[in-house]
Each structure stands twice: as structure tokens, then as C-alpha cells.
Amino acid sequence: MYVPPSARALDDDERELVELARRTIDAHTDAGPDEDGIHTMGAAVMAADYRMFAGVNLYHFTGGPCAELVALGAARAQGARQMRCIVAVGNHGRGVIGPCGRDRQVFVDYYPTMRVIVPTPAGPRSVLAADLMPLTQRWTPEGMNGLDPSLYQDPETVGPQIIRFNPRYLEDVRSGAKTKTTRFRDPAQLGPARLVFESDPEVILPANVTDIRHCLVSDLTNQDAQAEGLATATELREGLKGHYPDLAGTDGVDVITFQINDKTGDA
């Protein structure tokens, strides 16, 4: 079996994604063991902000949608725009199942740098979507594009680090009202960065990370909040709970200070 060069072992978030897909199809399949059914595959997709969305397939002889496409539609309906990873799992303990050819083309067309969890002789591995379709062309509403290698590079490893934001923060960052971001399980490093706002189309601002402070959620200060355009540490902690529902006061977070390099950015 050919295993693409981008293949790597699953991280904790990807293992959690597999488990979500498994739980979803185990709870909602309509077929017993060795039976055909309408709902036999579950899928889960992780957005760039680590939210996870699930779906099941809807089999029909005319081409009912695969579970992966249902999950992508569910993610979009909940405001997710950029996707980090996707997986499909079969019912009755069949484990991770690789995407069909149509799904692979969809991934390349819309999310070429999304990672896809696939079965390999060494167990499930995470690979770039583009690596599942060698020498492919990418369809867009404007037509077929020629092979552009830059579309098939992992943005997390090519060029400055990426720090992703909800698009509602764009104007505050551009104006300088927001110069910090507090992150849980989303490390950064000092130096050049790309601040990516997950609008449609996305906006990228070049920046520099100038300071990183690790602290407990309970130790966040009013000054931290004010640098994020908020009033108090309590307000900041409540906002973090909206992003990370399982976050506790005893969890550690990174307070990242950044400075954008210009006021324009690329859409």
C-alpha cells in the first residue's frame, strides 16, 4: 500500500475525532451486523478552532451523500470555515475507513491542506488531503485550475507560523485594540506569524509574536483582558469558556502578545 509522505501518527485531538465518529455511527446506525442499511458510516470533522462536528451517511442509489460530506455541511452550518482534519468510521467496529474517490476530490477542491485520517498497514494515519489525489487538478466555480504546488503545501509547516482567529476579531486586531490572544492547547512561538481570520474568503495579517506567558486560567488579569479589548479578567475567562467549554480554572493557558506588521493584510 502506498502511504503518502505527509502521513504521521495521530495526535490526541485526532484520536478524539475518531472516537466522536465512532460514537456517532454506533448510536445512529440503522443496520444490524452484516446487514445493509441507509446509515452505516459516521464521520467527524475538526475545524481550525478545534470544534468538532459529526454526521452520518445517507445511502441512496442515486448517490446519497457520504458521511464526510454530511459532517462538512454540519460544520459550515455552525459557522466553521476552515477545516483541520476529517475521518470516517464504519459501524459495528469496522474502524477507520478511507474516503471514496468523490470525497477525495471534494477535499482537494475545497480543503486541500486539511488532514484526512486513513487506514494504513501501521494503523490509522493522518495525511494531507492533497496527497490522496496525486497529480490532480483542482476544481473551482471558475473552472479547472492547473496543478499549483503551493496549494498542496501544509500551511502549518510552510512559512511563518499560523495563529487562527474568529473573523469577529479582525477589526480590533487591525486597529490595535487587541494585541493579545489567550490560547488553550494551541501553542505558539516567538517570531514571525500569520494571523489568519477564518472569514470567507479568509484574511491574513503578517505579524510578530513578541511575548508568550504561560499561566493558569485563574491567574489571568484585568490587564490581559484589556489587551484583548475586554474590561475584566472575569469577562476574559467567560469568553474562553465559550471557546473551550471544558476549560477549568486550574488549566494552563498561553497568553500570546503580538504586533501586526502593517494595516493591510491579504484577503
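Remember, it's a predicted structure, so these values are computed and weren't measured experimentally. (Residues numbered from 1 in each chain as written. Predicted model: local features only at pLDDT ≥ 70, side-chain atom pairs only at ≥ 80, totals over all residues. Heavy atoms only, no water.)

Chemist: I'd like to hear about the side chain of Glu 228, residue by residue, with values.
Modeler: By the element assignment, Glu 228 lies in the loop between helix H5 (222–227) and helix H6 (233–243). Excluding anything up to four places from it in sequence, Glu 228 contacts Ala 177, Lys 178, Lys 180, Thr 181, Thr 182 and Leu 236. (Helix = DSSP H or I, 4+ residues; strand = E, 2+ residues; numbered from the N terminus. Contact = heavy atoms within 4.5 Å.)

Chemist: Run through a nonpolar patch on the surface, naming residues and quoting values.
Modeler: Where nonpolar side chains cluster on the molecular surface, the patch consists of Ile 38, Leu 58, Tyr 59 and Phe 61 and spans about 470 Å² of accessible area. With respect to the secondary-structure elements, Leu 58 resides in the loop between strand S2 (52–56) and helix H2 (67–77). (Patch = residues over 30% accessible without salt bridge, like charges linked within 9 Å, V, L, I, M, F, W, Y side chains within 5 Å. Areas by Shrake-Rupley, 256 points an atom, 1.4 Å probe, with all protein chains shown as cover. Salt bridge = Lys/Arg side-chain N within 4 Å of Asp/Glu carboxyl O.)

Chemist: How would you sum up the layout of surface pockets? Please name residues and give values.
Modeler: In this approach a probe as big as a water molecule rolls over the atoms, and the regions it shows empty are the leftover space. As a volume, the second largest pocket reaches approximately 640 Å³. Of all elements in the fold, only strand S9 (161–165), strand S10 (180–183) and H6 reach the threshold of two or more residues within the lining of the second largest pocket. Here the lining of the second largest pocket takes six residues from H6, the largest share from any one element. Grouping the amino acids of the lining of the second largest pocket by side-chain chemistry returns eleven nonpolar, nine polar and 13 charged. (1 Å grid on protein atoms, 1.4 Å probe; cavity = no way out; pocket = protein on both sides within 12 Å on 5 of 7 lines; lining within 4 Å. Points joined across faces, edges and corners; volume = space filled by probe spheres on them. Nonpolar A, V, L, I, M, F, W, Y, C, P; charged D, E, K, R; others polar.)

Chemist: How would you summarise the pattern of salt bridges if you had to cite specific residues and measurements?
Modeler: If you walk through the whole model with that rule in mind, you get eleven salt bridges. In this structure, Asp 12 and Arg 15 form a salt bridge, with 2.4 Å as the shortest nitrogen-oxygen distance. Placement of both Asp 12 and Arg 15 in helix H1 (residues 12–28) is noted, with a separation of three residues, approximately one turn of the helix. The class of Asp 12 is exposed, set by a relative accessible area of 55%. What makes Arg 15 partly exposed here is its relative accessible area of 43%. Arg 174 is the partner of Glu 171 in a salt bridge, and the nearest nitrogen-oxygen pair spans 3.5 Å. Residue Glu 171 and its partner Arg 174 are located together in helix H4 (residues 170–175), separated by three residues, close to a single helical turn. In this structure Glu 171 comes out as exposed when scored by relative accessible area, which is 51%. (Buried < 20%, exposed > 50% of the residue type's maximum accessible area, 1.4 Å probe, protein only.)

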